[in-house]
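Residue-level listing of the chains:
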Amino acid sequence: RERKEIEGAVLEDYVEWAEELDNLTFSEAINARTSEMGRSGNSLAAEICCLLAQRINNDAEQKMLIAHGKKVACDDVEFVEERGGALAKQYSHSIQASIERMCDKAV
């Protein structure tokens, strides 16, 4: 399967979408259900922020994406520690660690 790169206006559309924290957080019910399947919705949103931050060249937008990803990831780890399965916990901690490394590099 061919992997298509996201760039230009499409990338900017995703970054604009991620500017709103409400777009990145899912309800408790959705997170609970998706955690049962191995990933919470919020861990996916945090990973999206991480991936977008790696592709964007604007420092302010990159910092915003990292900050939003970190917030969502931290909230997600708390949630899955209480209600998630083992696989969801593993993914959530992995995403949080990736974002923490990005924070360290961005400073």
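Residues numbered from 1 in each chain as written. Predicted model: local features only at pLDDT ≥ 70, side-chain atom pairs only at ≥ 80, totals over all residues. Heavy atoms only, no water.

Q: Can you help me understand the overall build of the protein chain in this one?
A: Looking only at helices and strands, one finds six helices and zero strands in the protein chain. For the protein chain, the sequential pattern of α-helices and β-strands runs α-α-α-α-α-α. Against the globule reference of 13 Å for 107 residues, the protein chain gives a C-alpha radius of gyration of 14 Å, in line with a compact fold. Here the protein chain holds 107 residues, and the buried ones make up 39% of them. Partitioning the intrachain contacts of the protein chain with sequence separation of at least 6 by distance along the chain shows that 67% fall at a separation of at least 24. Counting only carbon and sulfur atoms, one obtains 49% of the accessible surface of the protein chain, whose full area is about 6800 Å². Across the protein chain, 13 positive and 21 negative side-chain charges occur, with their mean positions spaced 7 Å apart. (Helix = DSSP H or I, 4+ residues; strand = E, 2+ residues; numbered from the N terminus. Rg over C-alpha atoms; globule rule 2.2 N^0.38 Å. Buried < 20%, exposed > 50% of the residue type's maximum accessible area, 1.4 Å probe, protein only. Contact = heavy atoms within 4.5 Å. Areas by Shrake-Rupley, 256 points an atom, 1.4 Å probe, with all protein chains shown as cover. Lys, Arg positive; Asp, Glu negative; His and termini not counted. Charge placed at Lys NZ, Arg CZ, Asp CG, Glu CD.)

Q: Please explain the environment of Ala-106 as it appears in this structure.
A: By the secondary structure assignment, Ala-106 is in helix α6 (residues 86-106). Take Ala-106: its relative accessible area is 35%, and that puts it in the partly exposed class. Aside from chain neighbours lying at most four places away, what touches Ala-106 is Lys-63 and Ile-66.

Q: Help me out: how do you make sense of the pattern of salt bridges in this one?
A: Taken as a whole, this structure holds five salt bridges when the rule is applied. Where Glu-100 meets Lys-70, a salt bridge forms, and the shortest distance between an N and an O atom there is 3.9 Å. You can see Glu-100 sitting in helix α6 and its partner Lys-70 sitting in helix α5 (residues 59-83), a full 30 residues away along the chain. Asp-75 serves as the salt-bridge partner of Lys-71, at 2.5 Å between the closest nitrogen and oxygen. Placement of the pair is Lys-71 and Asp-75 together in helix α5, with a separation of four residues, close to one helical turn. Exposure remark for Lys-71: the relative accessible area of 42% places this residue in the partly exposed category. (Salt bridge = Lys/Arg side-chain N within 4 Å of Asp/Glu carboxyl O.)

Q: Sorry if this is basic, but what is going on with the packing of aromatic side chains here?
A: Both the distance between ring centres and the angle between the ring planes are used here to describe each pair of aromatic rings. Applying the stated criterion across every chain, the model contains zero aromatic pairs. Cation over ring: Arg-39 sits above Tyr-91, and NZ or CZ is 4.6 Å from the ring centre. (Phe/Tyr/Trp six-rings, centres within 6.5 Å; stacked < 30°, edge-to-face > 60°. Lys NZ or Arg CZ within 6 Å of the ring centre and 35° of its normal.)

Q: Any chance you could explain α6 here in plain terms?
A: Because an α-helix packs 3.6 residues into every turn, residues spaced three or four apart end up facing the same way. Helix length check: α6, at 21 residues, gives a terminal C-alpha distance of 30 Å against a target of 30 Å (1.5 Å per residue), a fit within 8%. Along α6, the residues classified as buried are Ala-88, Ser-92, Ile-95, Gln-96, Ser-98, Ile-99, Met-102 and Cys-103. Viewed end-on, α6 has its buried residues packed into an arc of 160°, placing them on one side of the element. Exposed and oriented more than 90 degrees from the buried face of α6 are Ala-86, Gln-90, Asp-104 and Lys-105. The elements touched by buried residues of α6 are α3 (28-36), α4 (41-55) and α5. (Expected span 1.5 Å × (residues − 1). Arc of directions from axis to C-beta.)

Q: Help me understand the environment of Thr-25 in this model?
A: Its place among the elements puts Thr-25 in the loop between α2 (21-24) and α3. Remark: the alpha-carbon pair of Thr-25 and Ala-86, spanning 61 residues in sequence, is separated by 21 Å. What Thr-25 contacts, discounting residues up to four positions off in sequence, is Asn-42 and Val-72.

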